[in-house]
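# A closer look at the structure
One letter stands for each residue in the lines below.
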Amino acid sequence: MDAARNVYRQPVVEMVLLFCVAFQICSGLWFVVRGWKQRQGLLPWLQAASGAYLAFFLLVHVGAVLFGRSVLNLDTNFYYAAAGLHVPPNQFFFAPYYLLAVFALFTHLGCAAYWQFQNASRSVRTISVAVPMLVGGIVSLLIVLSLAGMLQPVEIPAKYKATYGHKVG
Ligand code: HEM
């Protein structure tokens, strides 16, 4: 992340990135609402549901990052992302929140792949969604286990836990 920050934290790059996030949220929600009555079958609903969740997640996630950086004056790093999982009962929100985010991202990309294979056989189209969903399920689980300190030891600094009202000592 430190290396990537040299690029995405350049003010111009970050402004473009944040504009893309806002555009993605607005255009995505517009598609969800516009197609509500025409949508038939599992795949269009999977695409709409994963997109709607990504819109919710992006809004909360990017809002939290900007808030953490500008108001809480915290370095929005691994500890910032992981802290919620280490102050009970917040893990009951953060575990599904992150699991669904990564799973929704892979599912949404799988749905896009599905439409690219419209002329292929049914099994090829099914695989184009099922494989990303399976990979997304595994990746999301590994990320959340890692954030929760179940794959490697994680000691969250007190100032990050304090954002959840955790008393020091
Ligand atoms: C469990 C999964 C995730 C974790 C732990 C995580 C963690 C983080 C962290 C720590 C930052 C702050 C980066 C910084 O301050 O330099 C961040 C920013 C961001 N994340 Fe995530 N993220 C996750 C999933 C996602 C997903 C699925 C998306 C998109 C679909 C996403 C989009 C973003 C965006 C757009 C930013 C803002 C970048 C900026 O302008 O600083 N994240 N994330």
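The following refers to the structure shown. Only a predicted model underlies this, so the values are computations on that prediction, with no experimental measurement involved. (Residues numbered from 1 in each chain as written. Predicted model: local features only at pLDDT ≥ 70, side-chain atom pairs only at ≥ 80, totals over all residues. Heavy atoms only, no water.)

### As for the overall build of the protein
Selection criterion: Secondary structure elements are defined from DSSP: runs of H or I of at least 4 residues count as helices, runs of E of at least 2 residues count as strands, and each element is numbered from the N terminus. Buried, partly exposed and exposed residues are distinguished by accessible area as a fraction of the type maximum, computed with a 1.4 Å probe on protein chains only: under 20%, between the cut-offs, and over 50%, respectively. Two residues form a contact once any of their heavy atoms are found within 4.5 Å. Under this rule, positive means Lys or Arg and negative means Asp or Glu; His and the chain ends count for nothing. To locate a charge, take atom NZ for lysine, CZ for arginine, CG for aspartate or CD for glutamate.
Scanning the protein for helices and strands turns up 7 helices and 0 strands. Counting from the amino terminus, helix and strand elements in the protein follow one another as α-α-α-α-α-α-α. Principal-axis analysis of the C-alpha atoms places the extent of the protein at approximately 60 × 35 × 30 Å. Of all 169 residues assigned to the protein, the portion counted as buried reaches 31%. The contacts in the protein between residues at least 6 apart in sequence include a share of 70% that link residues at least 24 apart. When the 11 positive and 4 negative side-chain charges of the protein are each reduced to one mean point, those points stand 19 Å apart.

### Focus: helix α3 (residues 42–70)
Threshold: The span expected for a helix works out to 1.5 Å for each residue beyond the first.
Relative to the 42 Å expected for 29 residues at 1.5 Å per residue, α3 spans 42 Å between its end C-alpha atoms, a close match to the ideal helical length. Of the residues making up α3, those classed as buried are Leu43, Pro44, Ala48, Ser50, Gly51, Tyr53, Leu54, Ala55, Phe57, Val62 and Gly68.

### Comments concerning the site of the ligand
The condition is simple: We call a residue near a given molecule or strand whenever any one of its heavy atoms falls within 4 Å of it. Any N or O atom pair separated by 3.5 Å or less is treated as a polar contact, with the protein-specific requirement of one donor-capable and one acceptor-capable atom, and with residues adjacent in sequence counted only for side-chain atom pairs. Using only the protein atoms, space was sampled on a 1 Å grid; points where a 1.4 Å probe fits but cannot get out form cavities, open sets with protein on both sides within 12 Å along at least five of seven lines form pockets, and lining residues are those with an atom within 4 Å of a point. Think of it this way: a molecule belongs to a cavity or pocket when more than half its atoms come within 2 Å of the grid points there. The residue classification treats Ala, Val, Leu, Ile, Met, Phe, Trp, Tyr, Cys and Pro as nonpolar and Asp, Glu, Lys and Arg as charged. All others, Gly included, are polar.
Around the ligand lies a shell of 21 residues, among which Arg5, Tyr8, Arg9, His61 and Thr76 are the nearest. Arginine 9 places a polar side-chain atom, nitrogen or oxygen, 2.6 Å from an oxygen atom of the ligand. Threonine 76 places a side-chain nitrogen or oxygen 2.4 Å from an oxygen atom of the ligand. Comparing atom positions with the cavity grids shows the ligand to sit within the largest pocket. Among the elements of the structure, α1 (2–8), α2 (11–34), α3, α5 (91–116) and α6 (122–147) are those that each provide at least two residues to the shell around the ligand. The class makeup of the residues in the shell around the ligand is 14 nonpolar, 3 polar and 4 charged.

### Quick notes on the environment of alanine 162
As for its position among the elements, alanine 162 is in the segment after α7 (158–161). Assessed through its relative accessible area of 37%, alanine 162 is described here as partly exposed.

### Some words on the coordination of the iron atom of the ligand
The test is simple: Think of the donor list as every N, O and S atom within 2.8 Å of the metal, or within 3.2 Å for Na, K and Ca; water never makes the list, so a site can look incomplete.
Among all protein atoms, only His61 (NE2) binds the iron atom of the ligand, sitting 2.0 Å from it. For histidine 61, the location among the structural elements is in helix α3.

### Things to note about the pattern of salt bridges
Pairing is possible between side chains that carry opposite charge, provided their charged atoms lie close to one another. For the record, the criterion: When a carboxyl oxygen of Asp or Glu lies within 4 Å of a side-chain nitrogen of Lys or Arg, that pair is called a salt bridge.
All told, the structure shown has 2 salt bridges when counted by the stated rule. Salt-bridge contacts for aspartate 75 lead to arginine 5; the nearest nitrogen and oxygen are separated by 2.9 Å. Residue aspartate 75 is located in the loop between α3 and α4 (78–82), and its partner arginine 5 is located in helix α1; the two are separated by 70 residues in the primary sequence. You can call aspartate 75 partly exposed: its relative accessible area is 36%. Assessed through its relative accessible area of 12%, arginine 5 is described here as buried. With a shortest N-O distance of 2.8 Å, arginine 69 and glutamate 14 are connected by a salt bridge. Within this pair, whereas arginine 69 is found in helix α3, its partner glutamate 14 is found in helix α2, the two being separated by 55 residues in sequence. A relative accessible area of 15% means that glutamate 14 is categorised as buried.

Keep in mind these values describe shape, not function.
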